[in-house]
Amino acid sequence: MTTALENNGMGILIDDRSTGSLTSTLGTVWRNVTDTVMGGISAATLTPEVAQGKACLHMRGDVSLENNGGFVQASLDLASNGFLDASAYEGIEIEVRGNGESYNLHLRTADTAIVWQSYRIGFVAGEQWQTVRLPFAEFRPHRIDIPLDTRRLRRLGVVAIGRVMLADICFSRVALYR
């Protein structure tokens, strides 16, 4: 089942930040998740803002490796009940700006039953707004041996992970592209 919005036959719009809240264009809610769920001490905030004239979500935080930690994340369910079928699309594009750091986009599917399993790809968020295209073929499985099944996407996450860092990233439009 999918509740995503077709965007002029070019792709599926996941979020364009037009709600002005943590609610996405899909109607699902962005959540701020940190490693404190596993005993870590990383901390972050996730707030709707306008950056350089563009409506966005702004994730700021400190990633710490103490207490086996190491991530902060903005997470979004892709369907309120069921899965998003993205098999007709090549990947995800996201408009971002940040502090020049490397970030990840994580995908969870029907096959990622354990919280540390995901499919991941990295990107750099520069200081100016840019559209980054992330092809499904380049996502890599993390702690799972099953190939990415784009017919059953459940959640995506914008993540600062794996090293001590100051996370400071804004993201605006998120969509599937053909």
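See the structure shown above.
Per chain, residue numbering runs from 1 following the sequence as it is written. This being a predicted model, a pLDDT of at least 70 is required before a residue's local features are given, and a value of 80 or more before pairs of side-chain atoms are given or counted; all residues contribute to the totals for chains, interfaces and linings. Calculated side-chain values reflect all of the structure's heavy atoms, with hydrogen atoms and water omitted.

Undergrad: Just give me the short version of the environment of Leu57, but keep the residues and values in it.
TA: To qualify as a helix, a DSSP run of H or I must reach at least 4 residues; to qualify as a strand, a run of E must reach at least 2; elements of each kind are numbered from the N terminus. Mapping Leu57 onto the fold places it in strand S5 (residues 54-63). Throughout, exposure labels follow a simple rule: accessible area from a 1.4 Å probe, protein chains only, divided by the maximum for the residue type, with under 20% read as buried, over 50% as exposed, and the rest as partly exposed. With relative accessibility at 0%, the residue Leu57 sits in the buried group. Contacts are residue-level and defined by heavy atoms, with any inter-residue pair within 4.5 Å sufficient. When near neighbours in sequence (up to four residues on either side) are disregarded, Leu57 contacts Arg17, Ser21, Leu22, Trp30, Leu46, Thr47, Pro48, Ile169, Cys170 and Phe171.

Undergrad: Explain the pattern of salt bridges to me, using residue names and the numbers behind them.
TA: Salt bridge, as used here: a side-chain nitrogen of Lys or Arg that lies within 4 Å of a carboxyl oxygen of Asp or Glu. Scanning all chains against the criterion turns up ten salt bridges. Notably, a salt bridge pairs Arg133 with Glu93, separated by 2.8 Å at the nearest N-O pair. With a gap of 40 residues between them, Arg133 in strand S10 (residues 130-135) and Glu93 in strand S7 (residues 91-98) connect regions that are remote in the sequence. One salt bridge connects Asp149 with Arg152, and the closest N-O pair in it is separated by 3.7 Å. Judged by its relative accessible area of 13%, Asp149 is buried. On the basis of relative accessible area, Arg152 is assigned to the partly exposed category, the value being 33%.

Undergrad: Describe the sheet that holds strand S12 (residues 153-161), and please don't skip the residues or the numbers.
TA: Read from one edge of the open sheet, six strands run S3-S6-S12-S8-S9-S11, paired in antiparallel fashion. The strands lining the two open edges of the sheet, one partner per strand, are strand S3 (31-34) and strand S11 (140-142). Here the strands of the sheet are splayed against their neighbours by 30° on average, with no regard to which way each runs. At least two bridges found by DSSP between two strands are what make those strands a pair. Note that strand S6 (residues 71-77) and S12 share seven bridges and pair antiparallel. Paired with Ala74 across the two strands is Val158, which belongs to S12. Between N-to-C directions, angles cover 0 to 180 degrees, with each direction set by a line fitted to C-alpha atoms, over the stretch in contact for helices.

Undergrad: How would you explain the nonpolar core if you had to name every residue and give the values?
TA: Nonpolar side chains in soluble globular proteins tend to end up buried together. Only buried residues count toward a nonpolar core, which is a set of Ala, Val, Leu, Ile, Met, Phe, Trp, Tyr and Cys residues joined through side-chain atoms within 4.5 Å. By size, the foremost hydrophobic cluster in this structure holds 41 residues, and its most contacted members are Trp30, Leu105, Phe123, Phe136, Leu156, Phe171 and Leu176. The element best represented in this core is strand S13 (residues 165-177), accounting for six residues. What Leu156 contacts, discounting residues up to four positions off in sequence, is Ile14, Trp30, Ala74, Ser75, Leu76, Leu78, Ile92, Leu105, His106, Leu107 and Val174.

Undergrad: Explain the environment of Asn81 residue by residue, including any values.
TA: Mapped onto the secondary structure, Asn81 falls in the loop between S6 and S7. With a relative accessible area of 44%, Asn81 lands in the partly exposed category.

Undergrad: Give a description of the environment of Ala160 that names residues and reports values.
TA: Within the element layout of this structure, Ala160 appears in strand S12. You can call Ala160 buried: its relative accessible area is 0%. For the pair formed by Ala160 and Asp62, sequence separation is 98 residues and the distance between their alpha carbons is 9.1 Å. Other than its neighbours up to four places away in sequence, Ala160 contacts Met59, Val63, Gly70, Phe71, Val72, Tyr103, Met165 and Ala167.

Undergrad: Go over the side chain of Thr34, please, and point to the residues and values.
TA: The topology assignment puts Thr34 in strand S3. Counted as a polar contact is a pair of N or O atoms within 3.5 Å, where, for protein atoms, one must be capable of donating a hydrogen and the other of accepting one, and residues adjacent in sequence contribute only when both atoms are in side chains. Within the structure, the side chain of Thr34 is placed 2.8 Å from the side chain of Thr36, a separation counted as a polar contact. Sequence-distant contacts of Thr34, defined by excluding residues within four places in its chain, comprise Ser42, Ala43, Ala44, Phe71 and Val72.

The values are spatial; any link to function lies outside them.
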